[in-house]
Amino acid sequence: MTHSHDTRTNPRMIARHPKREDIRLDAVLTALGNPIRLAAVRTIAVGGEHPCCDVLPQIPKSTMTHHWRALRDSGVVWQRHIGREYRLELRREDLDSRFPGLLDSILGPLVSDPLTQETIAEYDRSRQGASA
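All values reported here derive from a predicted model rather than from experimental measurement.

Description of the nonpolar core
Then step 1. Formed by 27 residues in total, the largest nonpolar core has its most connected members in Val28, Leu32, Trp68, Leu71 and Val76.
Then step 2. At the level of secondary structure, the elements contributing two or more residues to this core comprise α1 (25-31), α2 (35-47), α3 (52-55), α4 (61-74), β3 (85-90) and α6 (102-107).
Then step 3. When residues in this core are grouped by element, the largest group, 5 residues, is from α2.
Then step 4. Ignoring anything within four residues of it in the chain, the contact list for tryptophan 68 reads Ala40, Cys52, Val55, Gln79 and Leu88.

Listed below in structure tokens is the structure:
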């Protein structure tokens, strides 16, 4: 799905998204240096754009707001306001352009990372419980 991510042409886009050329490796690695954010990014990477509240719903909204800000401000995700919700989308094209292979190198090993898997399993259990 392609979106206009320029806040000048899409006023519902939240400000503070760095331009592609301004995304810094140290900021991306810092943002991804947290198991909750890694689990969230993996979820978004696998499932595409998500409402913020659906990514890791078992974690308090106030906590996730902090994590969304870290991911958005570092250039890892787009965050935009649509109607009554905020939606997240991975900036894969931008990140792959700036740092080829970085996302695949980080997301690939998450399959066997116990802490991230535990976080994702909690997410999956909460999703199954919500749909039951």
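Things to note about the confidence of the model for the protein
Then step 1. Of the residues in the protein, 80% have a pLDDT of 70 or more, and the chain-wide mean is 82.
Then step 2. Counting contacts from residues 7-11, a segment whose pLDDT is below 50, to residues more than four positions away or on other chains yields 5 contacts.

Structural notes on the packing of aromatic side chains
Then step 1. Tallying each qualifying case throughout the model produces 0 aromatic pairs.
Then step 2. The ring of tryptophan 78 has arginine 91 sitting right over it, with the charged end atom 3.8 Å from the ring centre.

Concerning the environment of aspartate 26
Then step 1. Within the secondary structure, aspartate 26 is located in helix α1.
Then step 2. Along the sequence, aspartate 26 and serine 74 sit 48 residues apart, while their C-alpha atoms lie 8.8 Å from each other.

A look at the pattern of salt bridges
Then step 1. Tallied over the entire structure, the rule returns 10 salt bridges.
Then step 2. In this structure, the salt-bridge partner of arginine 24 is aspartate 26, at a minimum N-O distance of 2.7 Å.
Then step 3. One salt bridge in this structure joins aspartate 104 and arginine 92, with 3.2 Å as the shortest N-O distance. Of the two residues, aspartate 104 sits in helix α6 while arginine 92 sits in helix α5 (residues 92-98), which places them 12 residues apart along the sequence.

A closer look at α4
Then step 1. With 14 residues, α4 should cover 20 Å at 1.5 Å per step; its first-to-last C-alpha distance of 20 Å lies within 8% of that length.
Then step 2. Of all the residues in α4, the buried ones are Met64, His67, Trp68, Leu71, Arg72 and Ser74.
Then step 3. Next to the buried residues of α4 lie α1, α2, α3, β2 (77-82) and β3.
Then step 4. Of the residues flanking the end of α4, it is glycine 75, one or two places downstream, whose phi is positive at about 95°.

Each value, and the rule that gives it
Going along each chain's sequence as written, the residues are numbered from 1 onward. With the structure being a predicted model, the display of local features is reserved for residues of pLDDT at least 70 and the display and counting of side-chain atom pairs for 80 or more, all residues being used for whole-chain, interface and lining totals. Calculated side-chain values reflect all of the structure's heavy atoms, with hydrogen atoms and water omitted. Throughout, nonpolar core names a set of buried Ala, Val, Leu, Ile, Met, Phe, Trp, Tyr and Cys residues whose side chains join them through atoms within 4.5 Å. A 1.4 Å probe rolled over the protein chains alone gives each residue an accessible area, and that area as a share of the maximum for its type sets the label: buried under 20%, exposed over 50%, partly exposed in between. The way it works is that DSSP assigns letters per residue, a run of H or I at least four long becomes a helix, a run of E at least two long becomes a strand, and they are numbered from the N terminus. We call two residues in contact whenever any of their non-hydrogen atoms come within 4.5 Å of each other. The pLDDT score gives, residue by residue, the confidence of the prediction method on a 0 to 100 scale. Only Phe, Tyr and Trp rings take part, Trp by its six-membered ring, and two of them pair if their centres are within 6.5 Å. Stacked means planes under 30 degrees apart, edge-to-face means over 60, and tilted covers everything else. Working rule: Lys NZ or Arg CZ, within 6 Å of ring centre, within 35 degrees of ring normal, means a charge sits over the ring. We define a salt bridge as a contact between a side-chain nitrogen of Lys or Arg and a carboxyl oxygen of Asp or Glu at a distance within 4 Å. Helix span, expected: 1.5 Å multiplied by one less than the number of residues in the helix.

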